[in-house]
Amino acid sequence: MERTQIDKILEIGIQLTAERNYDELLAKIVDCAMDLTGSDGGTLYLYENEQLHFCITKNISLGVNRKGQDREQYPPVPMTEKNICAYAALHRKLLNIEDAYSCQEFDFSGPREYDNLTGYRIRSMLVFPLVNHEDKLIGVVQLINAQDGEGKVVAFEKECEKIVESLGSQAAVAVSNMKFVQEMEQLMISITQVFTDAIDTRIPYNYYHSRNVYLYVRLLVDYINQRYAEGKVSFHYSAEERDELLIAALMHDIGKLVIPNEIIDKTTRLGERFPLVMEHFQHLTALYHIDYLEGRISRTKWIEERNNLVDAQQRIEEINRKTGLTDEDVQYVKALAARKYTGVNGNKISFLSLYEEECLTVRKGNLTKEERDIISSHVEYTEKYLSKMNFGARYPHIIQWAGAHHELLDGSGYPRGLKGEQIPFEARILAVVDVFEALTSSDRPYKKSMEEAKALSVLDDMASSGKVDKEILQLFKEALNQRGNDVRLFMFSKERAEEKA
């Protein structure tokens, strides 16, 4: 073997191991095999599910260069020993045919039919299996019509056999390694889906939130890459960076797994305590009635207290569901909480507990400060859980991005109160999308969904006040305007809500 050929094989080995795109790797295997042997054509079949499937074909004379397009229209290679590619696969054996038409060992009726249709003439053929370091069959490469220096079709030289066997081993290992990486990536996605399914079991609406954030982030990132290709923006995302950000989008809320259901699912100020408060008022009504029957209070007093408690039930039910409270509402609750029933033995029973008073005097929303702090802690738990997963050097930023999706540019976010450039650009993307999805979501049991225009107006206000990134928001608006039917958001159905209830 000449020194130049050895150098070429070594160089090809480097190229194959450096390639990161799966389809390009397969095409490069065919190109390298044709180049090393001076072939006019080459085809690569992959061995999957105990069958050989067409993948890549190239023919210089005919101008054919198909890289897996419409693979489904080509049936698998019949795994019979009369088919030369199947024979090479079954026996892990290289086959060097000087003239396909005169060979009686294999059935070449298919190639002859192809020749009749195209006017081409297949003569010499070199077929070799791709077997990896674990002795597993990866595929088969079929080369046709070796050519000499003058372009004349000749037989494949014996020396070519060693060359392609060496190439086949390198190619098989490269394909195996890339498949392994893809399997690990799919495992990562599967683990992510397990987490989100676990969240779904506890918090059905958050399940849709995570997936919709993923879809919106994908829409935005792909739009950024499109604008970069058009020369309109100065940055873009590689395939690995895109995958990393999408995984972060899916996993940004996994910390909510440890937040108590009574807080996560709290749709009113009192939440699950509301029936208990109503029962407590009925109990107080009964105690006053007993006091009247046993002569400890007058009929007038009994009727007054009964009416007060009926009014309290109505007012508390109303206040419990309000989105915002007036000063009068707060004063009423405080006055009611200050009241106490005094029993026969002198024991005092409060009309409202301190916790119930705190819940019912929350001016806006349903959560007390302590409950909000507990909800906010989900980001820290997200970081904690993600830090236990080994993302390796391939996805080094997932924890950082997911852990900062509630940080705001003015430092008013959480958990660290980061400001400006302290917040990674990708975390700012998650922040914009997270707010937008939460506002427009139709699956929140405690609020009505907001129209997209109104949600974007809220984000505009946040951008103007220095909380979210203006550039990201603008790109997101543009991406939303040109989105197609491929963005299919997950919707929360009434039936699903009833199932969860």
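The structure displayed is predicted, hence computed values, not measured ones.

What follows covers the packing of aromatic side chains. Taken as a whole and assessed by the stated rule, the structure comprises 9 aromatic pairs. Plain terms: the ring middles of F106 and F108 are 6.4 Å apart, the flat faces sit at 75° to each other, and that makes the pair edge-to-face. For the pair F106 and F108, a shared accessibility class is recorded, and that class is buried. With 5.3 Å between their ring centres and 75° between their planes, F235 and F425 make a pair best called edge-to-face. With a gap of 190 residues between them, F235 in the loop between α6 (204-229) and α7 (239-251) and F425 in helix α16 (residues 425-440) connect regions that are remote in the sequence. Here the guanidinium or amino end of R112 rests over the ring plane of Y101, the centre of that ring lying 4.9 Å away. Across the ring face of Y332, the terminal group of R315 is positioned such that the distance to the ring centre comes to 4.2 Å.

Attention now goes to the layout of surface pockets. Within this model, the second largest pocket holds a volume of roughly 1000 Å³. At the level of secondary structure, the elements contributing two or more residues to the lining of the second largest pocket comprise β1 (39-48), β2 (51-59), β3 (64-66), α3 (84-91), α4 (109-118) and β6 (137-147). Element by element, the count of residues in the lining of the second largest pocket is highest for α4, at 6 residues. Classifying every residue of the lining of the second largest pocket gives 18 nonpolar, 10 polar and 5 charged.

The next subject is the confidence of the model for the chain. Across the chain, pLDDT averages 87, with 88% of residues at or above 70. Taken as a whole, residues 488-501 scores under 50 in pLDDT and shows 21 contacts with residues more than four places along the chain or in a different chain.

A separate point is the pattern of salt bridges. The final tally for this structure, using the stated rule, is 26 salt bridges. A salt bridge links R273 to E356; the shortest N-O distance between them is 2.8 Å. With R273 in the loop between α8 (261-264) and α9 (274-293) and E356 in helix α12 (residues 354-360), this pair connects stretches of sequence that are 83 residues apart. Given a relative accessible area of 6%, E356 falls into the buried group. When the shortest N-O distance is used, the salt bridge between R363 and D327 registers 2.8 Å. With R363 in the loop between α12 and α13 (369-376) and D327 in helix α11 (residues 327-338), the pair connects residues that are 36 residues apart, well separated along the chain. By sharing partners, the salt bridges in this structure join R315, E318, K322 and D329 into a single network.

Conventions used here
Residues numbered from 1 in each chain as written. Predicted model: local features only at pLDDT ≥ 70, side-chain atom pairs only at ≥ 80, totals over all residues. Heavy atoms only, no water. Phe/Tyr/Trp six-rings, centres within 6.5 Å; stacked < 30°, edge-to-face > 60°. Buried < 20%, exposed > 50% of the residue type's maximum accessible area, 1.4 Å probe, protein only. Helix = DSSP H or I, 4+ residues; strand = E, 2+ residues; numbered from the N terminus. Lys NZ or Arg CZ within 6 Å of the ring centre and 35° of its normal. 1 Å grid on protein atoms, 1.4 Å probe; cavity = no way out; pocket = protein on both sides within 12 Å on 5 of 7 lines; lining within 4 Å. Points joined across faces, edges and corners; volume = space filled by probe spheres on them. Nonpolar A, V, L, I, M, F, W, Y, C, P; charged D, E, K, R; others polar. pLDDT = per-residue confidence, 0-100. Contact = heavy atoms within 4.5 Å. Salt bridge = Lys/Arg side-chain N within 4 Å of Asp/Glu carboxyl O.

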